[in-house]
Amino acid sequence: MPMGIFRVCLVVITAIVNHPLLFPKENGTVPENTEEIIQKMKEREEILRLEKLRLEQEIAGQEAAQKALEKAAKVVEDVKEEKVQWDMWTALSMVIFLLIELWRQDFQEGNWQDTGADEDDMAVLGKAFKGVAFPDKAILASFYEKRILGTTGDMARMREMVEGFADDLLEALRSVCNRDADMEVEDCMGVGSMYENWRVRKPFVCDLIVPFAPPEPYCFRSQIWCSGDSFPPDEQGYGTIKVCRADEDETGCICDKTKLGEDMLCLLHSQGNNTRLSSEMEDLLCFKNTQYLDADQVMKWFQIAVTKAWNKISHKYEFDLSFSLLDSPGALKIKFRSGKSIAFNLTPVVQYENSDVYFISHFPRNCLAADLPSSTHWFLTFAVYERRFIQMISKMLPANACHVSCLQILSFLHGKQCSLTGPSGLTNYHLKTVLLHLLQTRPSQDWAPEKLEARLQDMLKFLEKCLHEKKLYHFFIGNGKVPAELGFPIIFQRAEPLNLFRPFVLHRDVYRKTIDTFHEMLRNTSALINEYMVHVPHVHTNGIQKESV
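The structure presented is a predicted model; accordingly, all values stated were derived computationally and were not measured.

Draft legend 1. View of the pattern of salt bridges. Taken as a whole and assessed by the stated rule, the structure comprises 16 salt bridges. Between R49 and E46 there is a salt bridge; the shortest N-O distance is 2.4 Å. Residue R49 and its partner E46 are located together in helix 3 (residues 30–116), separated by three residues, close to a single helical turn. Residue classification places E46 among the partly exposed positions, given a relative accessible area of 35%. In this structure, D168 engages K316 in a salt bridge whose closest nitrogen and oxygen atoms are separated by 3.0 Å. With D168 in helix 6 (residues 151–176) and K316 in the loop between helix 8 (295–313) and strand 6 (319–323), this residue pair connects regions lying 148 residues apart in the sequence. Through salt bridges with shared partners, a single network forms among R442, D446, K451, R455 and D458.

Draft legend 2. Spatial organisation of the packing of helix 9 (residues 383–396) against helix 11 (residues 428–441). At their nearest, the axes of helix 9 and helix 11 sit 11 Å apart, and the two run at 40° to each other. Accordingly, the angle class assigned to the pair helix 9 and helix 11 is oblique. The two elements helix 9 and helix 11 cross, and the hand of that crossing is left-handed. Each of E386, F389, I390 and I393 in helix 9 lies in contact with helix 11, whose residues at this interface are Y429, K432, L436 and L439. Partitioned by chemical class, the residues of the contact of helix 9 with helix 11 number six nonpolar, no polar and two charged.

Draft legend 3. Summary view of the environment of Q351. As for its placement among the helices and strands, Q351 is situated in strand 8 (residues 341–351). We classify Q351 as partly exposed; its relative accessible area is 35%. The residues touching Q351, leaving out its near neighbours within four places in the chain, are V357 and Y358. Separated by 2.7 Å, the side chain of Q351 and the backbone oxygen of S355 make a polar contact.

Draft legend 4. Representation of the nonpolar core in the model. If you look at the biggest cluster of nonpolar residues, it comprises 112 residues, and the most contacted ones within it are L169, L293, F344 and F492. Excluding anything up to four places from it in sequence, F492 contacts I224, W225, C226, Y352, V357, L380, F382, F476, I477 and G478. In this structure, I209, V349, A383 and V384 belong to the second largest nonpolar core, which totals seven residues.

Draft legend 5. The arrangement of unusual backbone geometry in detail. Residue P203 is bonded to the preceding K202 through a cis peptide linkage, with omega at 0°. Looking at the element boundaries, P203 is found in the loop between strand 2 (189–191) and strand 3 (205–213). A cis amide bond, omega 5°, links E216 with the succeeding residue P217. Following the sequence through the fold, P217 ends up in the loop between strand 3 and strand 4 (218–224). Phi angles above zero are rare outside glycine, and N289 is one such case at about 60°. Of note, N289 is situated in the loop between helix 7 (271–283) and helix 8. The phi angle at N400 is positive, at roughly 55°, despite the residue not being glycine. Structurally, N400 can be placed in the loop between helix 9 and helix 10 (403–421).

So, how was this worked out
Residues numbered from 1 in each chain as written. Predicted model: local features only at pLDDT ≥ 70, side-chain atom pairs only at ≥ 80, totals over all residues. Heavy atoms only, no water. Salt bridge = Lys/Arg side-chain N within 4 Å of Asp/Glu carboxyl O. Helix = DSSP H or I, 4+ residues; strand = E, 2+ residues; numbered from the N terminus. Buried < 20%, exposed > 50% of the residue type's maximum accessible area, 1.4 Å probe, protein only. Axes fitted to C-alpha atoms, helices over the stretch in contact; angles between N-to-C directions. Parallel < 35°, antiparallel > 145°, perpendicular 65-115°, else oblique. Left-handed = near helix turned anticlockwise from the far one by under 90°. Contact = heavy atoms within 4.5 Å. Nonpolar A, V, L, I, M, F, W, Y, C, P; charged D, E, K, R; others polar. Polar contact = N/O pair within 3.5 Å; in protein donor to acceptor, adjacent residues only side chain to side chain. Core = buried A, V, L, I, M, F, W, Y, C linked by side-chain atoms within 4.5 Å.

Here's what the structure looks like:
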């Protein structure tokens, strides 16, 4: 009982002590603190919510960036795969292109080598020979001895006479020219068939070229079609010659390349200076208002100078000298009182740099030759190197080799056929070019004298092939196999091959006439040769004798 009363009292006391009204001052702030806490909790909740949103946005951005990186990586990988495939195809295409280009160059530069070295291939090409009775070795040997061999002595005597007279004429020309104003003339050189010992048809004509140079302080600066600048196809094989002062910058004045304003004046080339320069250039045989050498002006000057020189020395000779052909300004003719005459060509040329290639003012015309682009375009001649090449090869061939004999017989047959049916597009220069190609590709033993018949047929078949394809490439231009001993300029060896038969593509009527003449010549070969045969020996097939070249 007392314990129960004690417990009740303890509960009452505890309730009284914990009643809020008993201690109002300590417990008065409880409601206010609760609201503040609630407010802070709301603010904290808001902060946490905003932070959550920010984190969610960052996570979303990172996921988007990750997806973008993965996509970009995939694209890069695809591109790499495509690039590898493209590079493979590009490399393969380049290899194919290079192979085609190498094949094309080999075909252009050496196609005759593949066909010229195989007898079977040459036989396939000779379609025009089917049904043609070709003279045998005995007939050809006898024909050569009786009809052609005797002309070599006449050529030697004529060369000696013409060269002596030309030297005397040029010496007189130098004496009548003004050394301070006129061109300086050098010694002449003999070129062509007369000096390569293969001319057979009369009249014999010596071809002499005369290099000349401008007076001091001027010099020639040449530009050729293969020097890097673009030349149209009809100007391949040509070049221009600029007359400059030796101390003048090769690039020239900037006023030539830049359009000056109306209020600007070049102090070097004022109007008065231009007038004086134009007058000087005309005196130096340049085309009007240019510095480029004019071929027509050069030939006019040369003809006048030759006339003056002849007037000075004519009293020493018992013959007359005159210009024989209007379309060949350098063609001269010596007329003896007996009525006989001797023709020769004396043509001024300009040396290309320090080589034996020359710019020639006028070239012998034929029905294939196109008109020059202008009188400031000069044709390049390689006649000196051609003569030198034949001389060099002749030393490597067997004694009494048949190479010159082949060219002489072919030239005779073609000339005889043209006299019957009229001129064609083929020239003796084309025939010589064929021989030069075969000399380079055929072994030296193939040119033994007993193989005259076979080599002559090779020339005809090769010529037939070139006519069929309308392609006969210049021997030196684009030929990288020219012997180094010749000292031939490398710029011409690296040039694109020059097709001598390109005019056939442009003139179909001339081409048709040339083909007909060639086939007619083949059919008439035996008749043309037998016409000059009196007796054909039954033996003696190797007796071809000729003057060594």
